[in-house]
Amino acid sequence: MNHGKGGLGNFFEDFELDRELVCATPRVVTSAETTLHIAITNDRSPRFCNAEGRVNPIIVFHVVIGQTVRMVSLNSPANLGYAGMIWKTPVFHGDEISTRIRIVGLKENSNGKTGIAWVETTGRNQRGEIVLQYTRWVMVRKRDVATPTPYLDAPVVPELPAQVQASELPPWSGALTTTDQTGGRFFFEDYAAGERIYHFDGMTVNHTDHTSYTRLWQNSAKVHFDHLLTNGRPLVYGGFPLAVSYAMAFNGLENRSGIVAMNSGAHANPTYAGTTLYAYSDVLEVHDLGGPVGALRLRLVGVKDGNPADEPDFARRIRDENARERYNPRVVLDLDYWELMPKCGRGSPSMGPG
Amino acid sequence: MNHGKGGLGNFFEDFELDRELVCATPRVVTSAETTLHIAITNDRSPRFCNAEGRVNPIIVFHVVIGQTVRMVSLNSPANLGYAGMIWKTPVFHGDEISTRIRIVGLKENSNGKTGIAWVETTGRNQRGEIVLQYTRWVMVRKRDVATPTPYLDAPVVPELPAQVQASELPPWSGALTTTDQTGGRFFFEDYAAGERIYHFDGMTVNHTDHTSYTRLWQNSAKVHFDHLLTNGRPLVYGGFPLAVSYAMAFNGLENRSGIVAMNSGAHANPTYAGTTLYAYSDVLEVHDLGGPVGALRLRLVGVKDGNPADEPDFARRIRDENARERYNPRVVLDLDYWELMPKCGRGSPSMGPG
Amino acid sequence: MNHGKGGLGNFFEDFELDRELVCATPRVVTSAETTLHIAITNDRSPRFCNAEGRVNPIIVFHVVIGQTVRMVSLNSPANLGYAGMIWKTPVFHGDEISTRIRIVGLKENSNGKTGIAWVETTGRNQRGEIVLQYTRWVMVRKRDVATPTPYLDAPVVPELPAQVQASELPPWSGALTTTDQTGGRFFFEDYAAGERIYHFDGMTVNHTDHTSYTRLWQNSAKVHFDHLLTNGRPLVYGGFPLAVSYAMAFNGLENRSGIVAMNSGAHANPTYAGTTLYAYSDVLEVHDLGGPVGALRLRLVGVKDGNPADEPDFARRIRDENARERYNPRVVLDLDYWELMPKCGRGSPSMGPG
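Within each chain, residues carry numbers counting from 1 in the order of the written sequence. Each chain is given a letter, starting from A, and each ligand a number, starting from 1, according to the order in which they appear as written. Local features are withheld for residues below a pLDDT of 70 in this predicted model, meaning they are given only at 70 or higher, and side-chain atom pairs are given and counted only at 80 or more; totals for whole chains, interfaces and linings count all residues. With hydrogens and water set aside, each side-chain value is computed from the structure's full complement of heavy atoms.

1. Focus on the interface of chain B and chain C
Tallying the contact residues gives 51 residues for chain B and 44 residues for chain C. Both faces combined, the contact of chain B with chain C buries some 4000 Å², and carbon together with sulfur accounts for 55% of it. Each reported salt bridge corresponds to a side-chain nitrogen of Lys or Arg within 4 Å of a carboxyl oxygen of Asp or Glu. Across the contact surface, chain B and chain C share 3 salt bridges. Linking glutamate 195 of chain B and lysine 5 of chain C is a salt bridge whose minimum nitrogen-to-oxygen distance equals 2.3 Å. We call two N or O atoms a polar contact when they sit within 3.5 Å, provided that within protein one can donate a hydrogen and the other can accept it, with sequence-adjacent residues counted only if both atoms are side-chain atoms. The interface formed by chain B and chain C contains 22 residue pairs in polar contact (both at pLDDT 80 or more). Strands here mean DSSP runs of E at least two residues long; helices mean DSSP runs of H or I at least four residues long; both are numbered from the N terminus. Those elements giving two or more residues to the side of chain B that touches chain C turn out to be α1 (31-41), α4 (179-182), β7 (196-198), β8 (203-204), α5 (207-216) and β10 (276-288) of chain B. In terms of residue count, the dominant contributor to the side of chain B that touches chain C is α1 of chain B (8 residues). Its residues assigned to classes, the side of chain B that touches chain C comprises 19 nonpolar, 21 polar and 11 charged. Any pair of residues with heavy atoms lying within 4.5 Å of one another is described as a contacting pair. In this description, buried area is defined as the sum, over both parts, of the accessible area (probe of 1.4 Å) that is lost when the two are combined. Three classes are used: nonpolar for Ala, Val, Leu, Ile, Met, Phe, Trp, Tyr, Cys and Pro, charged for Asp, Glu, Lys and Arg, and polar for all others, with Gly counted as polar.

Here you go:
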């Protein structure tokens, strides 16, 4: 089918190694983005709701991803992973974000139908400062199944860090929130590796919840919006359960100051409208940074259709009928990330979380 | 079930008489809160849509209530009432609201399962000025059914005003709206006690309408969001039919300047998605304040699943099979409040409300 | 049924020829209106998303129409057409819009039940500058079917322009967007009369999508919100498929600078929740304005329940069983308008639309 000038989207053959490309639609982030983010995810982080106008790093993630969709993922059946994601500079209401990409790896799959593209992505503010940087890799359809590309026999696969090192985390910026502001009584010293936190809330996904949230970030991939194309089950944008799970994680991490780096992230299984989401966090690592805050490495797991807090045997990964390890089909998100958490100054409001 | 650090919510035993507590998450109110309020409730009050940036008092109500949810009502099966609610200082876009509570009454119920807590609530702006103050009382679950508290035998029940006196209403502030701005032709002198106004509109509640509105105010009580927990029928936050009914009440009260005090308020019956809401108002009292505005005491009744304007015999309260008076099961809101209404300056646009 | 002061809406008999009337509720337009517009329609026009704060003309259209609803169309079963619509002055975030109308034609229909009113509509900013001006004509119910009005025998029908002439278009204002900002590679010189562009996207209408959008513009006509009144199928506000179709038209017209004039517009068939929308554009006319931009006259066609790009035989207008020409029942919008499109400065980003 010929769309005339209205067809679009790149195929695997269109990606050129090492060339930098500018993504369309620079976007100002205002208080309205924050308010809609709150109204859709129930985010309650005090640091991102007050008159200072500091933007939740989750919002910055969505804006940057959204800007790359048209160039990278309109013909992508799957986002495969993220690496080395660091939020380098805080964003404030009124800042304008624009994004560039560079293809740093290409590998054609043996089926001839698809390839994998590694995309280095850099979001900047209006002063050119990097606000977010990461590499993600996506599966992309080939335009021409019959003709192999050079990347079938000679794939280029970049070396990517297994995780962001604590030493790479951006320095602390801004004021520390108080326990009065957060309502939380736990600080850096209270968390220990191996600990699990169940995040109490549960939220059912309505059709308009996820479509509004996806459009908010100008992600226009049809599979999220078109019931005819998807037999009435539009796929929920992976960033939606990510944002909801992170918002839920407020309970038990009230004093957190916001995600600063993502080591890896998997949209483990699809989400659809009607699904009810829950979340828990495992503390993977605690790292004293020497200043007023420490770093927690956390695994945030988003789960659908039942609260893992009620299921002592719930496992994130299971063995299938062939004894192969894979994700529990109820896991929708597996996020390994760094959070900065204030130390000391600990108060204990008698009526905080019980 | 142990949530680790992520469990939360106070039980009846956690409430301590007379101690002041600070609620979490100070919140800036911007034009985005106004715009979303309009997009969800269809509010059309000119005073709260123009470039002056004056915030609808209904929004202030939600922000303050929302800030108390985590401390007061996560384990509350019912909000029982409000008393002495006064909006003392106007709020403008950019103001940051924070809230404190004080427990002023405690009474354990004879069933041992629940108690009633009276909560004096005070919302302030960033200058410490009181923007909203009231007492509400809520039913709260006990943690330990087997062990009675002192408040079973020696309940502390505060004396609360039956209504806010006209003399306690805050002074008029700001410019009077004109009939050109409001499209209304009725002023203070046109209203008489005993008069009824049917508000014309009808609005069906969609799932995302009520969940977005509830999240907007950072009210995270699970019963509003989790279909699994509620057999697919999440309870609509009581503030939603209140806001919709008040927005509908624009028709017939176009020159109103905004609610200034609430004498009492009952969420008489639950609301669910799929319900269609209608509203009417009874004028209870008219009170000349001596200046450019008078005060109307109004009863706003929100009704579901049929328009009371079409039912001459519709009664707000009925007698049940045991001849006991109770709310008509179709009444969702019964709000007794004060509205300031401009006097004089009366015009009569020939094509205003017919 | 008597609504007391709460009943409203004008009937055909209430319209008085030539009198100017002021519509209620002057409205400030802020970044929140833009953000909600994006979150509901998926608009991605770079010119209206950046830090400059320029407001999409589609938003100005909705605000002005919304302000006239209460006076003009609460008792209107159908909007029949638009003529001579010109966006004369750009609107920026913070501007306050107010609207006046003048009845310029009246004609009673022979059935005695309805008449047609031609309404000249003028929206202005806070400095009194005209931002949008047009005439629309609407069918309006008569209050009294039994009594004919003078406009049955002596109708007054204004002469209206068949189209806005290119010479009437407002002068170019503001900076030209770059291909980096738009991601598009086609400019004025690339378009030719007779060309068709299929706009790729498809979007299913959810209940809350259209109701939120309609309320956002303070359009309170009951038929859009009340499931009881409409047997569970509220009619979607005609401005909704218009806005969605125009947003979809970004693909293939990426460098456009925003609609500047509407020659005619028909809401050809009703839209309901559950419908999936698609759109295509026909280039009707190209007009070199002599400066840095040219004018494209475009026909934007919104189609439901199937993508016309997949249907080579799809026809906008068909012949019915009586061989009478009428709209294809799947066409929901037929919009004939002018768009300014930058010339020259053409780049060709290798990974733009394919």
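2. Re the pairing of strand β4 (residues 96-108) of chain A
Residue and element names in this part refer to chain A. DSSP-based pairing: two strands are paired if at least 2 bridges between them are found. Across 3 bridges, the pairing between strand β1 (residues 20-22) and β4 is antiparallel. Across the sheet, the residue bridging to leucine 21 is isoleucine 101, located in β4. Relative to strand β5 (residues 114-124), β4 is paired through 10 bridges, and the arrangement is antiparallel. Within the sheet, the bridge partner assigned to glycine 105 lies in β5 and is tryptophan 118.

3. Quick word on the interface of chain C and chain A
Contacts between chain C and chain A engage 51 residues on the former and 44 residues on the latter. Carbon and sulfur atoms make up 55% of the surface buried where chain C meets chain A, a total of about 4000 Å² over both sides. The tally of links from chain C across to chain A stands at 3 salt bridges. Put simply, arginine 215 of chain A and aspartate 209 of chain C hold a salt bridge, and the shortest N to O gap is 2.8 Å. Inspection of the region where chain C meets chain A yields 22 residue pairs in polar contact (both at pLDDT 80 or more). Looking at the side of chain C that touches chain A, the elements that each hand over two or more residues are α1 (31-41), α4 (179-182), β7 (196-198), β8 (203-204), α5 (207-216) and β10 (276-288) of chain C.

4. Topic: the confidence of the model for chain A
Residue and element names in this part refer to chain A. pLDDT is a residue-level measure of predictor confidence that goes from 0 to 100. Averaged over chain A, the pLDDT score is 93; the fraction of residues at 70 or greater is 96%. Here residues 346-354 scores under 50 on pLDDT; set against residues more than four positions off or in separate chains, the count is 31 contacts. Note on the complex model: pTM 0.96, ipTM 0.95.

5. Observations concerning the relation of the copies chain C and chain A
Both copies of the chain are related through a single rotation about an axis accompanied by a shift along the same axis. In screw terms, the move from chain C to chain A is a rotation of 120° and a rise of 0.0 Å along the axis, fitting with an RMSD of 0.0 Å. In short, the pair behaves as if placed about a three-fold rotation axis. Across chain C, the smallest distance between a C-alpha and the rotation axis is recorded for alanine 32 of chain C, namely 2.8 Å. The overlap is low: 6% of the interface residues of chain C also sit at the interface in chain A, so different surfaces are used on the two sides. Fitting of the copies onto one another was done by least squares over C-alpha atoms, counting residues only where both copies have pLDDT of at least 70.

6. Remarks on the relation of the copies chain B and chain C
For the pair chain B and chain C, the superposition axis carries a translation of 0.0 Å, the fit reaches an RMSD of 0.0 Å, and the rotation angle comes to 120°. When the interface residues of chain B are mapped onto chain C, a mere 6% of them again fall at the interface, so the copies present different faces.

7. With respect to α5 of chain C
Residues and elements named next belong to chain C. A 1.4 Å probe rolled over the protein chains alone gives each residue an accessible area, and that area as a share of the maximum for its type sets the label: buried under 20%, exposed over 50%, partly exposed in between. When you tally the buried positions in α5, you get 9 out of 10 residues, the bulk of the element. Taken as a whole, α5 has its buried residues at Thr208, Asp209, His210, Thr211, Ser212, Tyr213, Thr214, Arg215 and Leu216. Where α5 terminates, the next one or two residues include glutamine 218, which has phi positive at roughly 60°.

8. A short note on the packing of helix α1 (residues 31-41) of chain A against α5 of chain B
Where helices are involved, their axes are fitted lines through C-alpha atoms of the stretch in contact, as for all axes, and angles between N-to-C directions lie from 0 to 180°. Running from N to C, α1 of chain A and α5 of chain B cross one another at 120°; their axes reach a closest spacing of 6 Å. Taken together, the axes of α1 of chain A and α5 of chain B are oblique relative to one another. Considering the relative orientation of α1 of chain A and α5 of chain B, their crossing is right-handed. Each of Thr35, Ile38, Ala39, Ile40 and Thr41 of chain A in α1 of chain A lies in contact with α5 of chain B, whose residues at this interface are Thr211, Ser212, Arg215 and Leu216 of chain B. Each residue belonging to the contact of α1 of chain A with α5 of chain B can be placed in one class, and the counts come to 4 nonpolar, 4 polar and 1 charged. Every angle not falling under 35 degrees, over 145, or within 65 to 115 is termed oblique; those three ranges are roughly parallel, roughly antiparallel and roughly perpendicular. Two helices that cross are described as forming a left-handed crossing if the nearer one is turned anticlockwise from the farther one by less than a right angle, and a right-handed crossing if clockwise.

9. Points about the pairing of strand β9 (residues 259-266) of chain B
Residues and elements named next belong to chain B. β9 sits mainly inside the fold: 6 of its 8 residues count as buried. Relative to β9, strand β3 (residues 78-87) runs antiparallel, the two sharing 2 bridges. Within β9, the position partnered with methionine 85 by the bridge is methionine 262. Bridge count between β9 and strand β14 (residues 331-342): 6 bridges; the pairing is antiparallel.

10. Things to note about the nonpolar core
Formed by 159 residues in total, the largest nonpolar core has its most connected members in Phe61 of chain A, Phe61 of chain B together with Phe61 of chain C. When residues no more than four places from it in sequence are discounted, the contact partners of phenylalanine 61 of chain B are Tyr82, Met85, Trp87, Leu132, Tyr237, Leu242 and Met262 of chain B. Only buried Ala, Val, Leu, Ile, Met, Phe, Trp, Tyr and Cys residues count toward a nonpolar core, and they belong to the same one when joined by side-chain atoms within 4.5 Å.

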